[in-house]
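If you want the building blocks of each chain, they are given just below.
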Amino acid sequence: MNRTVVITGTTSGFGRDSVRLFASQGWNVVATVRKETDLAIHDDLPNVKTLLLDVNDEGADTAFAEQAAARFGGIDALVNNAGYYHMGPVEAASMEQIHDQFQTNVFGLMALTKAFLPHFREQRSGVIVNISSISADQGYPYTAVYAASKAAVAAFSEGLNVEMADFGVSVKAVFPGAHATRIFTKIDQAGDIPEDYQSGMQRFFGMQGTGSSPAVTAKAIYQAVTDGRIEQVRYYTGPDGVAVPRVKRLLGADWYWEEFRNAATGNPSDLWKSLVTQGKEPVEFAL
Ligand SMILES: NC(=O)c1ccc[n+]([C@@H]2O[C@H](COP(=O)([O-])OP(=O)(O)OC[C@H]3O[C@@H](n4cnc5c(N)ncnc54)[C@H](OP(=O)(O)O)[C@@H]3O)[C@@H](O)[C@H]2O)c1
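Given the structure is predicted, the values throughout are model-derived calculations rather than measurements.

Enquirer: Hey, could you go over the overall build of the protein for me, with residue numbers and the actual values?
Expert: In terms of regular secondary structure, the protein is built from nine helices and nine strands. Here the protein has a C-alpha radius of gyration of 19 Å; the compact-globule value for 287 residues is 19 Å, and the two agree. Taken along its principal axes, the extent of the C-alpha atoms in the protein is 55 × 40 × 35 Å. Relative to its full complement of 287 residues, the protein shows a buried share of 51%. Accessible surface, the protein as shown: approximately 13,300 Å² in total, 51% of it carbon and sulfur. Averaging the locations of the 24 positively and 32 negatively charged side chains of the protein gives two centres separated by 6 Å.

In structure tokens:
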């Protein structure tokens, strides 16, 4: 029997590419969107059922999990992909923006996960893949709130991986570097940003590469769901996503932090410039 995956946030980016990849590999897919006008976006794929879900609506999760499981007669994997990007200095972010960022990226993800846990525990199998970010590996400036939300996702995934081990359920986190997706056209920007921050922001965002294709991370998500490596939590994707942990392993996390901080404050060393990948070919994951 074909296996079934639930993927949240599938209108574009990693979610959309993941729907297409899983469907092409023979999986049944329950894809979610949050607007009725997007319900038909996967209609060209016969083994994909698209359902409405706003992950902020925690009260809808239990009924959604039941509906999703009924659609193809069971669920084998959940990919918590839905999320957005809050950007700007912490000083300029309103507490409402900070709460909203955590509501979608963290609490919505936790609530949906909780709705599926009884199902996975009772069937003694299942894989949950949560989308974190390379910015969770150490804080990035001017996106500290977003990075903190993704660090919460990473720690949640590691803790839950151990918690569910007795039941044969695997929990993982994907750490993408920068990818060219629609997330950057929908940024929730902090309000009145004091002029003092402008030069630092320009310097930091000038360090960023253009980003790889979302297909790279869709392959990593597919690998995380299917590789059977129940003990592996972390999957890094994209050139910068792969480079950061590699450099930390080679030279130590303390060295990395010092060099990163020097670069972000305008004093990059030559070694830093030669080690940190910008615009190189994305690392491909084998299917
Ligand atoms: N792109 C990157 O560089 C990058 C790097 C690291 C991590 N990530 C993470 O990867 C995930 C996917 O991002 P992406 O880059 O593929 O961006 P994207 O193209 O903007 O896709 C994000 C998806 O999440 C949906 N979404 C947002 N808020 C939602 C909510 N409250 N309820 C349900 N769905 C919601 C969006 O729906 P709408 O179309 O309705 O807005 C969209 O389908 C996010 O968690 C993001 O934080 C991205």
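Enquirer: If you had to explain the packing of aromatic side chains to someone new, which residues and values would you point to?
Expert: For any pair of aromatic rings, the description consists of the separation of the ring centres together with the inter-plane angle of the planes. Inspection of every chain in the model, using the stated rule, returns 16 aromatic pairs. Seen in terms of ring centroids, Y85 and Y146 are 4.8 Å apart; in terms of plane orientation they differ by 75 degrees. Their pairing is edge-to-face. Of the two residues, Y85 is situated in the loop between β4 (77-80) and β5 (86-87) and Y146 in helix α4 (residues 144-163); the sequence distance between them amounts to 61 residues. Each member of the pair Y85 and Y146 is classed as buried. With a centroid separation of 5.5 Å and 20 degrees between ring planes, the pair formed by Y140 and F260 is classed as stacked. With Y140 in the loop between β6 (126-131) and α4 and F260 in helix α8 (residues 253-264), this pair connects stretches of sequence that are 120 residues apart. Among the aromatic residues, ring-to-ring pairing joins Y140, Y142, F204, F205, Y256, W257 and F260 into one connected group. A cation over an aromatic ring shows up here: R71 above the ring of F72, its NZ or CZ 5.1 Å from the ring centre.

Enquirer: Hey, could you go over the site of the ligand for me, with residue numbers and the actual values?
Expert: In the vicinity of the ligand there are 30 residues, among which T11, S12, Y146, H179 and T181 approach most closely. Within the side chain of S12, an N or O atom sits 2.6 Å from an oxygen atom of the ligand. Between an oxygen atom of the ligand and a main-chain N or O atom of I183, the distance comes to 3.3 Å. Bound to the protein, the ligand loses 97% of the 890 Å² it would expose on its own. Those elements giving two or more residues to the shell around the ligand turn out to be α1 (13-24) and α4.

Enquirer: Any chance you could break down the nonpolar core for me, citing the residues and the numbers?
Expert: Burial of nonpolar side chains together is a common tendency in soluble globular proteins. Formed by 28 residues in total, the largest nonpolar core has its most connected members in Y140, F175, F204, M207, Y256, F260 and W272. In terms of residue count, the dominant contributor to this core is α8 (four residues). Discounting chain neighbours no more than four positions away, the residues touching W272 are M207, Y256, E259, F260 and A263. Judged by nonpolar contacts, the second largest core, of 24 residues, contains A23, V29, V129 and Y235.

Enquirer: Residues and numbers for α8, please.
Expert: An ideal rise of 1.5 Å per residue puts 16 Å on 12 residues; α8 measures up with 16 Å between its terminal C-alpha atoms. G266 occupies a position one or two residues after α8 and carries a positive phi of about 100 degrees.

Enquirer: So what about a nonpolar patch on the surface? Which residues, and what values?
Expert: A grouping of L250, L251 and L271 is seen on the molecular surface, where their side chains present a nonpolar patch of about 290 Å² in accessible area. Along the polypeptide, L250 turns up in helix α7 (residues 239-251).

Definitions and limits used
- Numbering of residues starts from 1 in each chain and follows the order in which that chain's sequence is written.
- Per-residue local features of the predicted model are confined to residues with pLDDT of at least 70, and side-chain atom pairs are confined, for both listing and counting, to 80 or more; whole-chain, interface and lining totals are unaffected and use all residues.
- Think of the side-chain values as coming from all heavy atoms in the structure, minus any hydrogens and water.
- Helix and strand labels come from DSSP, where a helix needs a run of H or I of at least four residues and a strand needs a run of E of at least two; each type is numbered from the N terminus.
- Radius of gyration here uses only the C-alpha atoms, and the compact-globule reference equals 2.2 Å multiplied by the residue count raised to the power 0.38.
- Type-normalised accessible area, obtained with a 1.4 Å probe on protein chains alone, sets the label of each residue: buried when under 20%, exposed when over 50%, and partly exposed for intermediate values.
- Note on areas: Shrake-Rupley, 1.4 Å probe, and residue coverage restricted to the protein chains presented here.
- Neither His nor the chain termini are counted; the positive set is Lys and Arg, and the negative set is Asp and Glu.
- All charge positions are set by atom: Lys at NZ, Arg at CZ, Asp at CG, Glu at CD.
- Side-chain rings of Phe, Tyr and Trp (the six-membered ring for Trp) are treated as a pair once their centres are within 6.5 Å; stacked means planes under 30 degrees apart, edge-to-face means over 60, and tilted covers the remaining angles.
- Note on criteria: charge over ring means Lys NZ or Arg CZ within 6 Å of the ring centre, with the direction from the centre no more than 35 degrees off the ring normal.
- Nearness is judged by heavy atoms alone; a residue qualifies as near a molecule or strand once a single heavy atom is within 4 Å of it.
- Under this definition, polar contacts are N or O atom pairs within 3.5 Å; protein pairs additionally need one hydrogen-donor-capable and one acceptor-capable atom, and for neighbouring residues in sequence, both atoms have to be side-chain atoms.
- To form a nonpolar core, buried Ala, Val, Leu, Ile, Met, Phe, Trp, Tyr and Cys residues must be joined to one another through side-chain atoms within 4.5 Å.
- Contacts are residue-level and defined by heavy atoms, with any inter-residue pair within 4.5 Å sufficient.
- One fewer than the residue count of a helix, multiplied by 1.5 Å, yields its expected span.
- Residues form patches when they are more than 30% accessible in relative terms and have no salt bridge. Like charges link within 9 Å. Nonpolar side chains (Val, Leu, Ile, Met, Phe, Trp, Tyr) link within 5 Å.
- We define a salt bridge as a contact between a side-chain nitrogen of Lys or Arg and a carboxyl oxygen of Asp or Glu at a distance within 4 Å.

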